[in-house]
Amino acid sequence: MAVRAVRGAVQLERDEAAHMDEQVGALLTEILERNGLTPDDLISIWFTATPDLHSDFPAVAARRLGITDVPLICAQELDIAGAMPRVVRILAHVETYLDKAEIAHVYLGSAAALRKDIAQ
């Protein structure tokens, strides 16, 4: 078994707590499903949000999914001119038997444009 990093992102339509919870929850669920992971496989998750998101912490969505014994942290992305607005990114560290090349990084909706090289 190896420790691997899984990336993902989603662009929110609006800065509302319920919408963030729904979209980040969908992103986390998709990351787990596409990689054949369970919450027990998670080591930690790092969430970042663009500076225009203020309604809630993205990590709240993980807790609502029942991910309660995994260290989570939230941070703010750099405020870069021209960057895609209203984006939540995830960097999850996991235990898995997947090789690096087999990891499915998940970029939902418009966020797929952020990393066309690894988005699946």
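Details of the structure are given in the entry above.
Residues numbered from 1 in each chain as written. Predicted model: local features only at pLDDT ≥ 70, side-chain atom pairs only at ≥ 80, totals over all residues. Heavy atoms only, no water.

A.B. asks: Tell me about the pairing of strand β2 (residues 42–49), and please be specific about residues and values.
C.D. replies: Burial analysis of β2 places 6 of its 8 residues in the buried class, which makes it a mostly covered element. With 7 bridges connecting them, β2 and strand β4 (residues 87–96) associate as antiparallel partners. Bridging from a neighbouring strand, W46 pairs with L91 of β4. Relative to strand β3 (residues 72–76), β2 is paired through 5 bridges, and the arrangement is parallel. Of the residues in β3, the one forming a bridge with A49 is Q76. Crossover connection from β2 via helix α2 (residues 59–64) to parallel β3: handedness right-handed. (Buried < 20%, exposed > 50% of the residue type's maximum accessible area, 1.4 Å probe, protein only. Helix = DSSP H or I, 4+ residues; strand = E, 2+ residues; numbered from the N terminus. Pairing = 2+ DSSP bridges. Right-handed = clockwise from strand over helix to strand, strands pointing away.)

A.B. asks: Break down the pattern of salt bridges for me, citing the residues and quoting the values.
C.D. replies: Following the criterion strictly, the structure yields 5 salt bridges and no others. The partner of D21 in a salt bridge is R64, and the shortest N-O contact between them spans 3.3 Å. Remark: R64 occurs in helix α2 and D21 occurs in helix α1 (residues 17–34); sequence separation between them is 43 residues. Residue R89 pairs with E77 through a salt bridge whose shortest N-O separation is 3.8 Å. Here R89 is found in strand β4, whereas its partner E77 is found in the loop between β3 and β4, with 12 residues between them in sequence. Its relative accessible area of 17% is what places R89 among the buried residues. (Salt bridge = Lys/Arg side-chain N within 4 Å of Asp/Glu carboxyl O.)

A.B. asks: Help me get a handle on the sheet that holds β2, residues and values and all.
C.D. replies: Here we have 5 strands laid out as an open sheet, ordered β3-β2-β4-β1-β5, and mixed in their pairing. Strand pairing shows two members of the sheet lacking a second neighbour, β3 and β5 (106–108), which therefore form its edges. Strand-to-strand twist across the sheet, computed as the mean angle between neighbouring axes with direction ignored, equals 15°. As paired elements, strand β1 (residues 2–11) and β5 share 3 bridges and run parallel to each other. Residue pairing in the sheet places G8 in a bridge with V106 of β5. (Axes fitted to C-alpha atoms, helices over the stretch in contact; angles between N-to-C directions.)

A.B. asks: Provide a residue-level description of the environment of D41, including the pertinent values.
C.D. replies: Mapped onto the elements, D41 comes out in the loop between α1 and β2. Here the alpha-carbon distance between D41 and V94, two residues 53 residues apart in the chain, equals 5.5 Å. In contact with D41, not counting residues within four places along its chain, are G36, H93, V94 and E95. (Contact = heavy atoms within 4.5 Å.)

None of this, on its own, says anything about what the molecule does.
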